[in-house]
Amino acid sequence: AQSVTQLDSHVSVSEGTPVLLRCNYSSSYSPSLFWYVQHPNKGLQLLLKYTSAATLVKGINGFEAEFKKSETSFHLTKPSAHMSDAAEYFCVVSQITGFQKLVFGTGTRLLVSP
Amino acid sequence: EAGVAQSPRYKIIEKRQSVAFWCNPISGHATLYWYQQILGQGPKLLIQFQNNGVVDDSQLPKDRFSAERLKGVDSTLKIQPAKLEDSAVYLCASSLGESSYEQYFGPGTRLTVT
């Protein structure tokens, strides 16, 4: 079965500095991977997805992630944090058993200070 | 385009009481999902519908949880009787179909069982 491990429960950065949220995956075959963001009292929103095309995936709001098969990683990055980036971020792997099934990591809370 | 609608947004009940949540997916979306998100964890899939049929309910505690999607549009999730450990946010999501990777999430219903 597929799974993801988010290596940090909390990440704190200053506004204008780079963001790195780490995710490792486990999959018996080539996975589809996603990052979702959850702002307080709002629904989950898809940031980006990897589905076996380009290994460097660009998403919304300046985020990107790189799929590294040799390291089984799918880390999320952004060159410069903005206050509005403060939220919970989830790394997700798709488990296809007839129908698509998303398996979520435990989440990383990103804190952005002025 | 209207998003996924859920109601109520908040609910407080005592243990052993019953509760129901309602979800209206995005118009035209054939697939509907219910997730449970316990504080500090990622969402966990409870049940997935394709039109009005269940395609995955392997993680639904069927002794107390039930869900239906009459007419293949909106859906209700019921808990009867509730336990303290059912305190969580219940998220509804929808997608165009089983081959569509993007799931659109509603804002969720926060349930507190006392």
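This text follows the structure it describes.
Residues numbered from 1 in each chain as written. Chains lettered and ligands numbered in written order. Predicted model: local features only at pLDDT ≥ 70, side-chain atom pairs only at ≥ 80, totals over all residues. Heavy atoms only, no water.

Novice: What is the right way to read the interface of chain B and chain A from this model?
Specialist: Many descriptions give the size of an interface as the accessible area lost when the pieces come together. The partner chain A presents 21 residues to the 25 residues of chain B that form the contact. Between the two partners, chain B and chain A, sit one salt bridge. Its salt-bridge partner being K101 of chain A, residue D56 of chain B comes within 3.7 Å of it at the nearest N-O pair. One can count one residue pair in polar contact (both at pLDDT 80 or more) joining chain B with chain A. Looking at the side of chain B that touches chain A, the elements with two or more residues in it are β4 (31-37), β5 (44-50) and β6 (53-56) of chain B. Class assignment for the residues of the side of chain B that touches chain A results in ten nonpolar, eleven polar and four charged. (Contact = heavy atoms within 4.5 Å. Salt bridge = Lys/Arg side-chain N within 4 Å of Asp/Glu carboxyl O. Polar contact = N/O pair within 3.5 Å; in protein donor to acceptor, adjacent residues only side chain to side chain. Helix = DSSP H or I, 4+ residues; strand = E, 2+ residues; numbered from the N terminus. Nonpolar A, V, L, I, M, F, W, Y, C, P; charged D, E, K, R; others polar.)

Novice: Please explain the pattern of salt bridges as it appears in this structure.
Specialist: One side chain can pair with another of opposite charge once the charged atoms of both are near each other. All names here are of chain A. This structure, assessed with the given rule, holds seven salt bridges over all chains. Ionic pairing is found between E64 and K58, a salt bridge with its closest N-O pair at 2.8 Å. What makes E64 partly exposed here is its relative accessible area of 24%. Across the pair K78 and D85 runs a salt bridge, and its minimum N-O distance is 2.8 Å. By relative accessible area, which is 4% here, D85 ends up buried. (Buried < 20%, exposed > 50% of the residue type's maximum accessible area, 1.4 Å probe, protein only.)

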